[in-house]
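Secondary and tertiary structure notes
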Protein chains: 2
Amino acid sequence: MLSSPGDSASMRPREETRFEGFLRERKLKLTGERMSILAAVFQRGSHFDAEALHAELKASGADISRATVYRTLDLLVQCGLVRKHSLGATHANYEAAQDEHHDHLVCIQCGKVLEFFRPDLEKLQESICNEQDFQPFHHSLQIFGLCSRCKGGIDEREIRGRVAQLHT
Amino acid sequence: MLSSPGDSASMRPREETRFEGFLRERKLKLTGERMSILAAVFQRGSHFDAEALHAELKASGADISRATVYRTLDLLVQCGLVRKHSLGATHANYEAAQDEHHDHLVCIQCGKVLEFFRPDLEKLQESICNEQDFQPFHHSLQIFGLCSRCKGGIDEREIRGRVAQLHT
DNA sequence: TAGCAGTATGAAACTTGATTTAAATCACTA
DNA sequence: TAGTGATTTAAATCAAGTTTCATACTGCTA
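Description of the structure in this document. Fair warning: this is a prediction, and the values are worked out from it, not measured in the lab.

**Concerning the pattern of salt bridges**
Residue and element names in this part refer to chain A. Scanning the entire structure with this criterion turns up 22 salt bridges over all chains. The salt bridge partner of Arg12 is Glu16, with a shortest N-O separation of 2.2 Å. Through salt bridges that share partners, Arg12, Glu16, Glu20 and Arg24 make up one connected network.

This is the structure:
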């Protein structure tokens, strides 16, 4: 992947600038903890949960409490820099909002998460909401199944049972 | 709504017969608790959570423990008689599987849940999964926004903040 | 650049949804 | 209808997330 202009070593990552703007706008404070968490989230990129992020921060020497991790993730979600998903789990999954909105395919065997974007889905949403006189703000389409590496040789009955128990 | 043939007073509801078959097949036992829970679920019909169901059972005199409610809901989900959703919440929502698969519109102001089914969505899922070499078992599309009664006169910024914090 | 007001943090307690335990009870088979 | 294994219950436990409150710090302002 090509790096965008804002990524060069001499410039601040654009997510920092954006988060700072967000904090200033709401008269919130720019603290070391908040910036460390933001950096960790964007270094990771892919899907993660709050506890794993906290463990990772701790392992890397940053002494930041669980409460602050949760509080800061909330702020980042408010700010639009981080997205919160369920992906079938009982706990929240997060991802850095580096690109545009997309939906997810979740492999229930290995946990892999694939992303996709389909403009026709956005059209479909519009049409459904028109029919029902509903004003949409957000949608989430999750498809649960087996990825290319996991499909084959797996007891379908067992898979169906597991899928039924997901929070979907 | 017309009542189906199986609903007449002299016949057992078809969900009872089905649950009994499921239990027998797996050499599980048909207990009074399980049957009470099944009946309560199908009397209710609409979306509910485990704690509310437990409270309702208790209120109606049935002395069934929380653990049994949770365990039986799991069985009913396995059996396909009950569906489990998240609907943006951190806890599970259930519904009696009286009709075919459908997806949901969730009003984030009043909590109302509308259902819809679109064959073109099923087609779309097929096409996405073909592209990604993914074997789908289940999908869930949730649209979050404001229903006809709630839209208008609401601060969009506040709504966006609330939506971002959902487990979607 | 010191002081201040108010926000942020951390540790620990708490909450909520859900699961597990152990002992008593019950459903089914023979 | 006795035996055995599944089921139930209350209570303990667990996991994710939130709240509390005393202390520390940020961002002004003078």
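**A closer look at the environment of A:Glu20**
All names here are of chain A. With respect to the helices and strands, Glu20 occurs in helix H1 (residues 14–25). Assessed through its relative accessible area of 14%, Glu20 is described here as buried. A sequence separation of 15 residues divides Glu20 from Met35, and the C-alpha atoms of the two residues are 9.1 Å apart. Excluding its chain neighbours within four sequence positions, the residues that come into contact with Glu20 are Arg12, Leu30 and Met35. A distance of 2.8 Å separates a polar atom in the side chain of Glu20 from a polar atom in the side chain of Arg12.

**Points about the protein's contact with DNA strand C**
Around DNA strand C, the surrounding shell holds 19 residues, and the nearest of these are A:Lys29, A:Thr31, A:Arg34, A:Thr68 and B:Arg66. When atoms of DNA strand C within 4 Å of the protein are sorted by moiety, sugar and phosphate together comprise 63%. In this structure, A:Arg34 approaches DNA strand C through a side-chain N or O atom, which is 2.7 Å from a phosphate oxygen. Take A:Ser65: an N or O atom from its main chain is 3.0 Å from a phosphate oxygen of DNA strand C. At the level of elements, helix H2 (32–44) and helix H4 (66–79) of chain A together with helix H4 (66–79) of chain B are the ones that each hand at least two residues to the surface near DNA strand C. Of the residues forming the surface near DNA strand C, the biggest block, four residues, is contributed by H4(B). Of the residues belonging to the surface near DNA strand C, the class tally is six nonpolar, five polar and eight charged.

**Some thoughts on the interface of chain A and chain B**
Contacts between the two partners involve 55 residues from chain A, matched on the other side by 55 residues from chain B. Approximately 5100 Å² of surface area, both sides summed, lies buried where chain A meets chain B, with 54% of it carried by carbon and sulfur atoms. The largest per-residue losses of area from chain A upon contact with chain B belong to A:Phe134, A:Phe137 and A:Thr168, which jointly make up 15% of the total buried on that side. Summed over the shared surface of chain A and chain B, the result is six salt bridges. Put simply, B:Arg157 and A:Glu25 hold a salt bridge, and the shortest N to O gap is 3.5 Å. Applying the counting rule to chain A against chain B returns 31 residue pairs in polar contact (both at pLDDT 80 or more). When residues of the side of chain A that touches chain B are traced back to their parent elements, those giving at least two are H4, strand S1 (82–85), strand S3 (103–107), strand S4 (113–116), helix H5 (119–132), strand S5 (135–146) and helix H6 (156–165) of chain A. The biggest single contributor to the side of chain A that touches chain B is S5(A), with twelve residues. For the side of chain A that touches chain B, the residue count by class is 23 nonpolar, 19 polar and 13 charged. As judged from the eleven bridges shared by S5(A) and strand S5 (residues 135–146) of chain B, these two strands associate in the antiparallel manner. The residue bridging A:His139 from the neighbouring strand is B:Ile143, located in S5(B).

**Description of the protein's contact with DNA strand D**
As a structural note, the neighbourhood of DNA strand D is formed by 20 residues, with B:Lys29, B:Thr31, B:Arg34, B:Thr68 and B:Arg71 the closest of them. Sugar and phosphate atoms represent 67% of those atoms of DNA strand D found within 4 Å of the protein. At 3.2 Å, a backbone N or O of A:Leu30 approaches a phosphate oxygen of DNA strand D. At a separation of 2.9 Å, a phosphate oxygen of DNA strand D approaches a polar side-chain atom of A:Tyr70. At the level of elements, H4 of chain A together with helix H2 (32–44) and H4 of chain B are the ones that each hand at least two residues to the surface near DNA strand D. Ranked by residues supplied to the surface near DNA strand D, first place goes to H4(A) with four residues. Residues of the surface near DNA strand D, tallied by class, amount to seven nonpolar, five polar and eight charged.

**With respect to the nonpolar core**
Note that soluble globular proteins tend to have their nonpolar side chains buried in a common cluster. Membership of the largest hydrophobic core comes to 42 residues, with the highest contact counts inside it found for A:Ile143, B:Leu121 and B:Ile143. Of all the secondary-structure elements, those providing two or more residues to this core are S3, H5, S5 and H6 of chain A together with strand S3 (103–107), helix H5 (119–132), S5 and helix H6 (156–165) of chain B.

**Considering the sheet that holds strand S4 (residues 113–116) of chain B**
A sheet is described by the order of its strands in space; here six strands give the open sequence S4(A)-S3(A)-S5(A)-S5(B)-S3(B)-S4(B), paired in mixed fashion. Since the sheet does not close on itself, it has two edges, and those belong to S4 of chain A together with S4 of chain B, each with one partner. With strand direction ignored, the average angle separating the axes of adjacent strands in the sheet is 20°. H5(A) contacts S3 and S5 of chain A together with S3, S4 and S5 of chain B of the sheet and is inclined by roughly 125° relative to S5(A). Running over the sheet, H6(A) touches S5 of chain A together with S5 of chain B and is turned about 15° from S5(B).

**A word on the environment of A:Phe42**
All names here are of chain A. Within the element layout of this structure, Phe42 appears in helix H2. Residue classification places Phe42 among the buried residues on the basis of a relative accessible area of 13%. Spatially, the C-alpha atoms of Phe42 and Leu81 are 9.3 Å apart, while their sequence positions differ by 39 residues. Among residues more than four places away in sequence, those in contact with Phe42 are Glu15, Leu81, Ala96, Ala97 and Gln98.

How each quantity is defined
- Residues numbered from 1 in each chain as written.
- Chains lettered and ligands numbered in written order.
- Predicted model: local features only at pLDDT ≥ 70, side-chain atom pairs only at ≥ 80, totals over all residues.
- Heavy atoms only, no water.
- Salt bridge = Lys/Arg side-chain N within 4 Å of Asp/Glu carboxyl O.
- Helix = DSSP H or I, 4+ residues; strand = E, 2+ residues; numbered from the N terminus.
- Buried < 20%, exposed > 50% of the residue type's maximum accessible area, 1.4 Å probe, protein only.
- Contact = heavy atoms within 4.5 Å.
- Polar contact = N/O pair within 3.5 Å; in protein donor to acceptor, adjacent residues only side chain to side chain.
- Near = heavy atom within 4 Å.
- Nonpolar A, V, L, I, M, F, W, Y, C, P; charged D, E, K, R; others polar.
- Buried area = accessible area lost by both parts, 1.4 Å probe.
- Pairing = 2+ DSSP bridges.
- Core = buried A, V, L, I, M, F, W, Y, C linked by side-chain atoms within 4.5 Å.
- Axes fitted to C-alpha atoms, helices over the stretch in contact; angles between N-to-C directions.

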